[in-house]
Amino acid sequence: MIEDSLGKALLSTESIRRKVREIGAKISRDYAGKEPVLVGVLNGALVFMADLMREIDLPLEAYMMAASSYDGYESTGTVDIVKPLNASITARDVILVEDIVDTGITLACLLESLQAEKPASLEVCALLDKKSCRQVEVPIKYIGFEIPDEFVVGYGLDYNQQYRNLPYVASMNAAVANGTR
Ligand code: IMP
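On a predicted model such as this, the values are computed, not experimentally measured, just so you know.

## Let's talk about unusual backbone geometry
In this chain, Leu42 is followed by Asn43 through a cis amide linkage whose omega measures -10°. Mapped onto the elements, Asn43 comes out in the loop between strand 2 (37–42) and helix 2 (46–53). Look at Tyr155: it is not a glycine, yet its phi comes out positive at around 50°. For Tyr155, the position within the fold is in the loop between strand 8 (152–153) and strand 9 (169–172). On the basis of relative accessible area, Tyr155 is assigned to the buried category, the value being 6%.

## A closer look at the pattern of salt bridges
Tallied over the entire structure, the rule returns 10 salt bridges. In this structure, Arg18 engages Glu14 in a salt bridge whose closest nitrogen and oxygen atoms are separated by 3.9 Å. Within this pair, Arg18 and its partner Glu14 are both found in helix 1 (residues 13–30), separated by 4 residues, close to a single helical turn. Residue Arg21 pairs with Glu55 through a salt bridge whose shortest N-O separation is 3.9 Å. Taken together, the residues span a long stretch of sequence, with Arg21 in helix 1 and Glu55 in the loop between helix 2 and strand 3 (61–71) at a distance of 34 residues.

## Digging into the site of the ligand
By nearness alone, 16 residues border the ligand, and Asp99, Thr103, Thr106, Lys130 and Val152 come closest of all. Between the ligand and Asp99, the relevant distance is 2.8 Å, taken from an oxygen atom to a side-chain nitrogen or oxygen of the residue. Backbone polar atom of Val152 to a nitrogen atom of the ligand: 2.6 Å apart, as the coordinates give it. Burial of the ligand by the protein amounts to 92% of the accessible area it has alone, namely 490 Å². Mapped onto the shell around the ligand, the elements with two or more residues apiece are strand 5 (93–101) and helix 3 (105–115). In terms of residues, the shell around the ligand owes the most to one element, strand 5, which gives 4 residues. Looking at side-chain class alone, the shell around the ligand contains 7 nonpolar, 3 polar and 6 charged residues.

## Thoughts on the nonpolar core
In terms of nonpolar packing, the biggest core is built from 28 residues, with Ile27, Phe48, Leu52, Cys125 and Leu128 touching the most fellow members. Where this core is concerned, the elements lending two or more residues are helix 1, strand 2, helix 2, strand 3, strand 5, strand 6 (121–129) and strand 7 (142–146). Take this core: its biggest share by element is 4 residues, from helix 1. When residues no more than four places from it in sequence are discounted, the contact partners of Leu52 are Val20, Ile23, Gly24, Ile27, Val97 and Cys125.

Calculation notes
Residues numbered from 1 in each chain as written. Predicted model: local features only at pLDDT ≥ 70, side-chain atom pairs only at ≥ 80, totals over all residues. Heavy atoms only, no water. Helix = DSSP H or I, 4+ residues; strand = E, 2+ residues; numbered from the N terminus. Buried < 20%, exposed > 50% of the residue type's maximum accessible area, 1.4 Å probe, protein only. Salt bridge = Lys/Arg side-chain N within 4 Å of Asp/Glu carboxyl O. Near = heavy atom within 4 Å. Polar contact = N/O pair within 3.5 Å; in protein donor to acceptor, adjacent residues only side chain to side chain. Areas by Shrake-Rupley, 256 points an atom, 1.4 Å probe, with all protein chains shown as cover. Nonpolar A, V, L, I, M, F, W, Y, C, P; charged D, E, K, R; others polar. Core = buried A, V, L, I, M, F, W, Y, C linked by side-chain atoms within 4.5 Å. Contact = heavy atoms within 4.5 Å.

Listed below in structure tokens is the structure:
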């Protein structure tokens, strides 16, 4: 079973659902009268983005872009934009949707690239925040959950491309972390 190699569930399906609903309602209030552009970061934010956009009661546009910085557990420290945003965001109200912010390096790079397009506003919405791991200060307006420094999978987050389909968020267990999986 998919759960066998995982540690405890850190965030249940229900608590994630509640939080996504809450964030969606907040964005709907904050952007009332506007037509925000949501930019999700592939592949990790795929599931969060799909759920979040359906909780926002506003006309909106949704796009995905892709950056790559991780190899297994370790951040490589360099960020490649492997799929750029193919849309104009100039003078638009943009919300960048991330699965998790760890060092902040990926987010800082993405923000710089989006800011160059001169949006009217640019905010960040991240489901998970590993605040204690931050190396670069990044502004996050909407945060789902602050979590400890543990490698987590599920709800879009992967370990070597596995576990994205898990409906909740779990910590990887020690056996997997030691490479015995
Ligand atoms: P940062 O650049 O260190 O902030 O890393 C951000 C990216 O690394 C996220 O978008 C994820 O794709 C990945 N990442 C960071 N921590 C985890 C984790 O615990 N599990 C899965 N992916 C992670």
